[in-house]
Amino acid sequence: MPIISRGFSGRRREESPQLPPGQYLTEDFPVLSAGPTPAIATSDWVFGVTGDVAETRAWNWEQFHELGLEEIHTDIHCVTRWSKLGTSWRGVSLDRVLDGLDVAGRFAMAGCYGGYTTNVPVDDLLGGKAWIATEFEGAPLDPEHGGPARLLVPHLYFWKSAKWVRTLRIMPKDEPGFWEQNGYNMYGDPWREQRYW
Ligand SMILES: Nc1nc2c(c(=O)[nH]1)N[C@H]1C(S)=C(S)[C@@H](COP(=O)(O)O)O[C@H]1N2
Ligand SMILES: [Mo]
């Protein structure tokens, strides 16, 4: 039998229907950060929902875990064209986070320790499509990948998955976040290749 080496990173879309247009597969996990990795002890960590809600809420690390973690198996797609298939995470679904908060606005701005921001419609955070993840592949999330906790919105390009997330600010109108102000698409659907303006 001949040995055929395909080189995983060279596999193209026709061999992987899970791969959105213009993406290639990667086996490693690249780190993409616009600034330094902030050091956040879980004892100092706070996450809150503010803005256009009836009542603002904040959770510390323990309170946040009481919302209930779930297993997530998903593909992720970076606008710089790498995709990673079948990643596993644990996190709290945004359905749980926003439950009972009487969210009035239709848009959210994720704000991070370190200052990064990104906008996501509230509808894209609900319905089992988005999480605040605290574990990756069975271990606490590595700081360079957003630990202690990051937003995970895998159906949009990965720049929407804000690392070191600290706040979700609910807004009545859509506003651009960090990359969106610098030419990235306001929505970022990888299947429609919504990369830049
Ligand atoms: N706080 C913060 N979150 C961020 C970023 C960042 O620079 N700062 N980069 C975004 C981009 S462009 C991508 S592709 C992913 C990269 O996540 P990773 O470093 O875990 O691969 O994080 C997103 N979340
Ligand atoms: Mo990215």
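In this numbering scheme, every chain counts its residues from 1 along its sequence in written order. Here the convention is simple: chains get letters from A, ligands get numbers from 1, in the order in which they are written. Residues qualify for local features only when their pLDDT is at least 70, as the model is predicted, and side-chain atom pairs are given and counted only at 80 or more; totals for whole chains, interfaces and linings, by contrast, use all residues. Calculated side-chain values reflect all of the structure's heavy atoms, with hydrogen atoms and water omitted.

**Quick word on the overall build of the protein chain**
- By definition, any uninterrupted DSSP run of H or I lasting at least four residues is a helix, any uninterrupted run of E lasting at least two residues is a strand, and each is numbered from the N terminus. Per the secondary structure count, the protein chain includes three helices and 11 strands.
- Secondary structure of the protein chain in N-to-C order comes out as β-β-β-α-β-β-α-β-β-β-β-β-β-α.
- Here the protein chain has a C-alpha radius of gyration of 17 Å; the compact-globule value for 197 residues is 16 Å, and the two agree.
- The C-alpha extent of the protein chain, read off along each of the three principal axes, is 65 × 35 × 30 Å.
- Whether a residue is buried, partly exposed or exposed follows from its accessible area with a 1.4 Å probe, protein chains only, as a fraction of its type maximum: under 20%, in between, or over 50%, in that order. Buried positions account for 49% of the 197 residues belonging to the protein chain.
- In the protein chain, the proportion of contacts linking residues at least 24 apart, taken out of those at least 6 apart, comes to 65%.
- Residue burial considers only the protein chains on display, and all accessible areas are found by Shrake-Rupley using a 1.4 Å probe. For the protein chain, the exposed area adds up to about 9900 Å²; of that, 50% sits on carbon and sulfur atoms.
- This count recognises Lys and Arg as positive and Asp and Glu as negative, with His and chain-terminal groups excluded. By convention, charge coordinates are those of NZ in Lys, CZ in Arg, CG in Asp, or CD in Glu. Between the centroid of the 19 positive side chains of the protein chain and the centroid of its 26 negative side chains there is a distance of 6 Å. Atoms counted for the radius of gyration: C-alpha only. Globule rule: 2.2 Å times the number of residues to the power 0.38. In what follows, residue pairs with any heavy atoms lying within 4.5 Å of each other are defined as contacts.

**Examining unusual backbone geometry**
- Backbone torsion omega between G147 and P148 reads 10 degrees, so that peptide bond is classified as cis.
- Tracing the chain through its elements places P148 in the loop between β9 (139-140) and β10 (150-152).
- Backbone geometry places R81, a non-glycine residue, at a positive phi of 90 degrees.
- In this structure, R81 sits in the loop between β4 (70-77) and β5 (82-93).
- Overall, R81 belongs to the partly exposed group, its relative accessible area being 36%.
- Despite not being glycine, D102 shows a phi value in the positive range, around 60 degrees.
- Tracing the backbone through its elements, the reader meets D102 in the loop between α2 (94-98) and β6 (107-112).

**Observations regarding the layout of surface pockets**
- Cavities and pockets were defined on a 1 Å grid built from protein atoms only: a cavity is a group of points that admits a 1.4 Å probe but offers it no way out, a pocket is an open group of points flanked by protein on both sides within 12 Å along at least five of seven lines, and a lining residue is one with an atom within 4 Å of any such point. Grid points are joined across faces, edges and corners, and a volume is the space filled by probe spheres set on the points. The computed volume of the largest pocket comes to approximately 470 Å³.
- What lines the largest pocket is a set of 26 residues, and nearest its centre among them are L32, S33, A34, Y116 and W179.
- Across the lining of the largest pocket, the residue classes break down as 17 nonpolar, seven polar and two charged. Residue polarity is assigned by list, with Asp, Glu, Lys and Arg as charged and Ala, Val, Leu, Ile, Met, Phe, Trp, Tyr, Cys and Pro as nonpolar; anything else, Gly included, falls into the polar class.

**Comments concerning the sheet that holds strand β11 (residues 165-171)**
- If you trace the five strands from one edge of the open sheet to the other, you get β3-β2-β11-β6-β7, paired in mixed fashion. The sheet is open, and its two borders are formed by β3 (57-60) and β7 (117-121), each paired with just one other strand. For this sheet the average axis-to-axis angle between neighbouring strands, irrespective of direction, equals 15 degrees.
- Pairing between strands is defined by DSSP: at least two bridges between the two strands are required. Across four bridges, the pairing between strand β2 (residues 46-51) and β3 is antiparallel. Bridge pairing links F47 to W59 in β3. Only the stretch in contact is used when fitting a helix axis, every axis being a line fitted to C-alpha atoms; angles between N-to-C directions are given from 0 to 180 degrees.

**Quick look at the site of ligand 1**
- Think of it this way: one heavy atom of a residue within 4 Å of a molecule or strand is enough to make that residue near it. Residues in contact with ligand 1 amount to 19 residues; listed here are only the nearest, P30, A34, H145, R150 and K163.
- Within the contact set of ligand 1, a nitrogen atom lies 3.1 Å away from a backbone nitrogen or oxygen of S161.
- For ligand 1, whose free accessible area comes to 530 Å², the fraction covered by protein is 97%.
- Taken together, the residues that form the shell around ligand 1 break down as 14 nonpolar, three polar and two charged. Any pair of N or O atoms that falls within 3.5 Å is considered a polar contact. Within protein, one atom must be able to donate a hydrogen and the other to accept it, and sequence-neighbouring residues count only if both atoms are side-chain atoms.

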